[in-house]
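Structural overview
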Amino acid sequence: MIGFERVSKWYGSYPALVEIDETIARGEVVVICGPSGSGKSTLLRTVNRLESIQAGRIRIEGRDIHAPGTDVNALRARIGFVFQQFNLFPHLTALQNCTLAPVQLGRLSRSQALEQARALLARVGLAHKADAYPAELSGGQQQRVAIARALAQQPPLMLFDEPTSALDPEMVGEVLAVIRGLAKDGMTLICVTHEMGFAREVADRVLFMDAGRVLERASPAEFFQRPQHPRAQQFLADIRLPFDAR
Amino acid sequence: MRELIDTYGVYFLVGQYPNGPLGGLALTLLLSALALLLALPLGLALGLARLSPWRALRWPVSAFVFTVRATPLLMVVFWAYFGLPALTGYKSGQFATMLVALVVFDGAYLAEIVRAGVQGLGRGQMEAARALGLSHLQALRSVILPQALRHMLPSLVNQFVSTIKETSLGYIIGLSEVSFIASQINTQVFTKPAQVYLWLGFSYFVLCFALSRFAYWMQDRGQRRPATATPA
Amino acid sequence: MFDPSLVLSGPYRDLLVAGLLLSLELAAITLVFALPLAIGVALLRMAPARPLRWLGAAYVEAIRNVPLLAHMLFWYFGAPELLPEPLKRRLYEGNIEAISAVIALTLYTAAYMAEDIRSGMRAIPPVQMEAGRSLGLGFLATVRLVLLPQALRITVPPLISQTLNLWKNTSIATVIGVGELMYQAAQVESASFRSFEPFAFATLSYLSVSLLITGLAAWYQQRYPVRHF
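None of these values were measured; they are calculated from a predicted model.

Counted by the stated rule, this structure contains 27 salt bridges over all chains. Glu22(A) is paired through a salt bridge with Arg217(A); the nearest N and O atoms lie 2.5 Å apart. Of this pair, Glu22(A) sits in strand S2 (residues 14–24) while Arg217(A) sits in strand S10 (residues 213–218), and the two are 195 residues apart along the sequence. Residues joined by salt bridges that share partners form a network here, namely Lys9(A), Arg45(A), Glu51(A), Arg123(B) and Glu127(B).

All names here are of chain A. Spatially, S6-S7-S8-S3-S9-S10 is the arrangement adopted by the 6 strands of the open sheet, whose pairing is mixed. At either margin of the open sheet sits one strand with a lone partner, and together these are strand S6 (79–82) and S10. Here the average twist between neighbouring strands, direction ignored, is 15°. Pairing analysis gives 4 bridges linking S6 to strand S7 (residues 157–161), with the strands arranged parallel. What sits directly across from Phe81, in S7, is Leu159.

Below, the discussion takes up the sheet that holds strand S5 (residues 63–64) of chain A. Residue and element names in this part refer to chain A. Strand order in the open sheet formed by 4 strands is S2-S1-S4-S5, with antiparallel pairing between adjacent strands. Every other strand in the sheet has two partners, leaving S2 and S5 as the edge strands with one partner each. Relative to strand S4 (residues 55–60), strand S1 (residues 2–11) runs antiparallel, the two sharing 5 bridges. The residue bridging Ser8 from the neighbouring strand is Ala55, located in S4.

The subject of this paragraph is the side chain of Gln116(A). With respect to the element layout, Gln116(A) can be found in helix H4 (residues 110–123). Other than its neighbours up to four places away in sequence, Gln116(A) contacts Pro102(A), Leu108(A), Ala152(A) and Gln154(A).

There are 2 pairs of chains in contact here; the most contacts are made by chains B and C. One thing to see here is that chain A and chain C don't touch, and their nearest C-alpha atoms sit 20 Å from each other.

Opposite the 32 residues of chain B that make contact, chain C presents 35 residues. Taking both partners together, chain B and chain C bury about 2,800 Å²; carbon and sulfur atoms supply 78% of that area. On the surface where chain B and chain C come into contact, there are 1 salt bridge. The partner of Glu61(C) in a salt bridge is Arg213(B), and the shortest N-O contact between them spans 3.8 Å. Linking chain B to chain C there are 8 residue pairs in polar contact (both at pLDDT 80 or more).

Turning our eyes to something else, we now look at the interface of chain B and chain A. Chain B puts 25 residues into the contact, and the matching count from chain A is 28 residues. Note on chain B versus chain A: buried area summed over both sides is about 2,200 Å², and carbon and sulfur give 58% of it. Where chain B packs against chain A, one counts 1 salt bridge. Within the residue set of the side of chain B that touches chain A, elements represented by two or more residues are helix H6 (123–131) and helix H7 (136–166) of chain B. For the side of chain B that touches chain A, the element with the most residues is H6(B), which contributes 8 residues.

This paragraph deals with the packing of helix H3 (residues 55–70) of chain B against helix H10 (residues 196–223) of chain C. Packing of H3(B) against H10(C) leaves a shortest axis separation of 9 Å and a crossing angle of 100°. It follows that H3(B) is roughly perpendicular to H10(C) by the angle criterion. Of the residues in H10(C), those in contact with Phe66(B), Thr67(B) and Ala70(B) of H3(B) are Tyr206(C), Leu207(C), Ser210(C), Leu211(C) and Thr214(C). Its residues assigned to classes, the contact of H3(B) with H10(C) shows 5 nonpolar, 3 polar and no charged.

About the cut-offs
- Residues numbered from 1 in each chain as written.
- Chains lettered and ligands numbered in written order.
- Predicted model: local features only at pLDDT ≥ 70, side-chain atom pairs only at ≥ 80, totals over all residues.
- Heavy atoms only, no water.
- Salt bridge = Lys/Arg side-chain N within 4 Å of Asp/Glu carboxyl O.
- Helix = DSSP H or I, 4+ residues; strand = E, 2+ residues; numbered from the N terminus.
- Pairing = 2+ DSSP bridges.
- Axes fitted to C-alpha atoms, helices over the stretch in contact; angles between N-to-C directions.
- Contact = heavy atoms within 4.5 Å.
- Buried area = accessible area lost by both parts, 1.4 Å probe.
- Polar contact = N/O pair within 3.5 Å; in protein donor to acceptor, adjacent residues only side chain to side chain.
- Parallel < 35°, antiparallel > 145°, perpendicular 65-115°, else oblique.
- Nonpolar A, V, L, I, M, F, W, Y, C, P; charged D, E, K, R; others polar.

Laid out in structure tokens, this is it:
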């Protein structure tokens, strides 16, 4: 469904992405992990063109999405994106956050959008908070509303950019549960995350990135038990037992 | 002082109205309100243009805003006074001249307030709106501007206070706003200039102080009930 | 149609240049008096004694809420009448226009600068003083080595911005007959019946100096940036 063909990106002379070459099938759940600055978020953001690319091609369902003349808005309406910082619209209620795009883009009538929004909020466990403003919600609740908002576009593909990194630990679980549910329902997901337990449980494939390159790609079982690349081994060792006194 | 106020109070407040055109404090307020009202759409357009991704729009507008802000208001008034008749072909009145000068001048200052207000929201809001598939304009209309305008309200009231003070320059082209009226009163009374001008200063003070306190109160209320939720 | 030579040589040019120089003088003299006054008022507003703080606040509010033009009218028409006869006579024989203008400009500019200085000093967290003292530095040493460098970096840019305002405000002195740039431009206009050339000269002069001042601010912020935590 998604194909990266020798994708490269530079910030001036700094290489952010180097010759990325990957394919992601429909219905696959892919987790991208790696140290800070490895380019994982950048790679994710090139898929819905929040970032541009300087070389290579990215194809979604066969179409080159960075080609000039592509309808960016139509592309983005078919991709759900969940931000690390939630970025809910603070002047709108949870319900209104979810109805804004479908109504504005003319996909649904107001009543259809409301009905769908209520269903989505119920799905993420927040039916009772439909009329609450983001300021009245906890971080975990806000992120769940953000997921519902992205789902309101009925996208075939969902992108998650470190969805739990900005949350207090006790709220991480509720958000991961929602994402797990989406994976079970067969949604195509690409998730940048540090949550290794989640990756192990839900991912079909893990991509390990460092310094703009994909250094290892494997199933979760192989990656976590038998990492091949030395950087990957170092990374897993660091996050597993950083203060081990052994 | 009492007799001054008794004799000239009404003249000070409304000029020669109803036996002539409106003047005095009433004219000052009318001119300020009208100028700010008309400057708002201009300021909005200029401010958004300064944030536009198209250089062809951004650069000329930024140059215009910078030039107006680097020029004294009096200069702009003189340009309007001498330039408008040349441009439009007929001699415009003092009120119209002052109004045009104020709208152009305040528009440039409001452009900066709008720009700061929008940039203060951070990139995340625009990114989230665009990620949903909304166009740049739709995002501005539904997400960015509703928030930015709300945050800008105290600055807008402060700009209104500035505009009230700016109307005093109408004195120089003979517009019967309150400073001009005060000097007319002074010419007639002749022996009490200190009292007349202290009275003028006091009137401005009461008006502007009340408004700036109101702006302060608005800002305070805005702080106590934050509309933006910050993640951990 | 447009004749720049009208203002680039001859008597008109001399008038305009004299006006420009006087504007610059007004700004410079005001700055010399306004800065210390502003520091004084800022300190008043931060004084431990309540009446002193109130005095500082009253000064700032009373000055800032009245337009500069009204200030000028008062100091030129109103204030001299309150003086005793001999002093008044000496003033009228001297350069009362310029003196009134400088007084009005100084009080007005100082009120705005005082607020900038006050916010600058308040922007430094009080713990910086604690941090300095806990290292063993005395009060004055801490002020000199820790607080003042930070205060300067924060306050100088807004102060330069106020200087820009001051430069533009000198134009208001025209109202009380001071022969600065605006006044001379209007004089040339009525003498020559041409409005474009003298006003273009004046506009370009204001813009050039404004550009210089803005450039100074940009340079300062580049060289001495405020480093946040």
